[in-house]
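# Inside the fold
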Amino acid sequence: MSDETQKTTRKDSLETKQRLVDAAERLFAEQGVDRVKLVDVSKAAGQKNRNAAQYHFGDRAGLINAVLNRHTDLIAEQRRDALEKVEQHNVTMKALVAVLVLPVVHHVRSDPNGLTFLRLNRQLVSSGDHIALSWKRTNDMPEVQQLQLLMKGLMAPHSKEAMRAKMILVQCMLFHGLANFYELMSLSEVDAFVDTLCLSIEAVLLAQHS
């Protein structure tokens, strides 16, 4: 195979994957992540091969990750920059919670599919089939690992189970709270809501555990 042919093949493959991810994002938002089948995504992406999504992404978890990565890569970059600035000063829980929440808010405001990202995460943290995927994604992100480490340093001692429970609750507050707000409330009230959300998450993290 010539170099030119290889380049064309790679380009076609990337374009196919992009169409599949676009279709999956749309279907996940419309029908719910648990209802969408890989063959549905292949069809919606205009692929003659009904197994195209499976070929490129392996399974539904692989496709979900691909959809989320296009968003979380951008959010992670903002978090890294914000975390670097926070670490140069006196680290407070308020500042750390802002690093967690504000990049997500900014992404929803600036990305046309930002609300879809929130809705998909809301589905994942509510799904018995996919909560493990959501938890794994969160804990595999280096900037989130660093953020959690700094948060734990400001918290009273917790058991492993209690800490996990709090982090899951924080995820629910972040994704359910923001997604529900954007669906139900006036955007003119978003700043007040975000302030309340950050204060609520801070209170959960700093609460003593009996």
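This is a predicted model, so every value here is computed, not measured. (Residues numbered from 1 in each chain as written. Predicted model: local features only at pLDDT ≥ 70, side-chain atom pairs only at ≥ 80, totals over all residues. Heavy atoms only, no water.)

### What about the packing of aromatic side chains?
In plain terms, the rule: Geometry of aromatic contacts follows a simple scheme: Phe, Tyr and Trp rings, the Trp one being its six-membered ring, pair when their centres are within 6.5 Å, and the pair is stacked under 30 degrees between planes, edge-to-face over 60, tilted otherwise. Labels follow the DSSP assignment, with helices taken as runs of H or I lasting at least four residues and strands as runs of E lasting at least two, numbered in each case from the N terminus. Each residue is placed in one exposure class: buried if its accessible area under a 1.4 Å probe, protein chains only, is under 20% of its type's maximum, exposed if it is over 50%, and partly exposed if it falls in between.
For the structure shown, the criterion picks out three aromatic pairs. Here the aromatic rings of F181 and Y182 are separated by 5.6 Å at their centres, their planes lie at 80°, and the arrangement is edge-to-face. Taken together, a centroid distance of 4.7 Å and an interplanar angle of 20° make the contact between F181 and F193 stacked. A residue pair is termed long-range when its members are at least 10 positions apart, and F181 in helix α9 (residues 160-184) and F193 in helix α10 (residues 190-206) qualify at 12 residues. Judged by its relative accessible area of 24%, F193 falls in the partly exposed class. Feature note: the residues F181, Y182 and F193 constitute an aromatic cluster, connected by ring pairs.

### Observations regarding the pattern of salt bridges
Where charged atoms from two side chains of opposite charge approach closely, those side chains can pair. Test applied: In what follows, salt bridge is the name for a side-chain nitrogen of Lys or Arg lying within 4 Å of a carboxyl oxygen of Asp or Glu.
Throughout the structure, instances matching the rule amount to six salt bridges. A salt bridge links R109 to D191; its shortest N-O distance comes to 2.7 Å. Of this pair, R109 sits in helix α5 (residues 93-110) while D191 sits in helix α10, placing them 82 residues apart in sequence. The exposure class of D191 is partly exposed, given its relative accessible area of 47%.

### Things to note about the nonpolar core
Rules: Joining through side-chain atoms within 4.5 Å is the link that ties buried Ala, Val, Leu, Ile, Met, Phe, Trp, Tyr and Cys residues into a set, and such a set is a nonpolar core.
In terms of nonpolar packing, the biggest core is built from 59 residues, with F28, V41, V101, L178 and L205 touching the most fellow members. With 10 residues, the top contributor of residues to this core is α9.

### Notes on the confidence of the model for the chain
Detailed reading of the predicted coordinates is not advisable wherever pLDDT is low. Formally: Each residue carries a pLDDT score, the predictor's own confidence in it, on a scale running from 0 to 100.
In this model, the chain carries an average pLDDT of 89, and 94% of its residues clear a pLDDT of 70 or more. Taken element by element, the chain is modelled with least confidence in helix α7 (residues 131-140), mean pLDDT 78, and with most confidence in α10, mean pLDDT 96.

### Some thoughts on the packing of α5 against α9
Where we set the bar: Here an axis means a line fitted to C-alpha atoms, over the contact stretch when the element is a helix, while the angle between two N-to-C directions is reported on a 0 to 180 degree scale. An angle below 35 degrees is treated as roughly parallel, one above 145 as roughly antiparallel, one from 65 to 115 as roughly perpendicular, and anything else as oblique. Handedness of a helix crossing follows the sense of rotation of the near helix relative to the far helix, less than a right angle counterclockwise being left-handed and clockwise being right-handed. By the convention used here, residues are in contact when the closest approach between their heavy atoms is within 4.5 Å.
Orientation of α5 relative to α9, taken along the N-to-C sense of each, is 30°, at an axis distance of 12 Å. By the angle between their axes, α5 is roughly parallel relative to α9. Crossing geometry of α5 relative to α9 is assigned as right-handed. Each of L100, V101, V104, V105, V108 and R109 in α5 lies in contact with α9, whose residues at this interface are V170, L174, L178 and Y182.

### Concerning a negative patch on the surface
Basically, it comes down to this: Patch members must show over 30% relative accessible area and no salt bridge, and they are joined within 9 Å when carrying like charges or within 5 Å when they are nonpolar side chains of Val, Leu, Ile, Met, Phe, Trp or Tyr. Surface exposure here means Shrake-Rupley accessible area, sampled with a 1.4 Å probe, where a residue is shielded only by the protein chains that are shown. When charges are counted, Lys and Arg are positive and Asp and Glu negative, with His and the chain ends excluded. Charged side chains are reduced to one point each, which is NZ for Lys, CZ for Arg, CG for Asp and CD for Glu.
On the surface, E77, D81, E84 and E87 cluster together into a negatively charged patch. Mapped onto the elements of the fold, E87 is located in helix α4 (residues 60-87).

### Considerations on helix α8 (residues 142-154)
Using the following cut-off: A helix is expected to reach a length of 1.5 Å times the quantity of its residues less one. Here the arc refers to the directions that run from the helix axis out to each C-beta atom.
Between the first and last C-alpha of α8 there are 19 Å, a value that for 13 residues agrees with the 18 Å anticipated at 1.5 Å per step. All of the buried residues in α8 are E143, V144, L147, Q148, L150 and M151. Across the axial projection of α8, the buried residues extend over an arc of 165°, all falling on one side. Relative to its buried face, α8 has exposed residues pointing more than 90 degrees away, namely P142, L149 and G153. Structurally, α8 contributes buried residues whose contacts are with α4, α5, α7, α9 and α10.

### Comments concerning the side chain of Q47
Mapped onto the elements of the fold, Q47 is located in the loop between α2 (38-44) and α3 (52-57). Aside from chain neighbours lying at most four places away, what touches Q47 is T16, R19, L20, S42 and A52.

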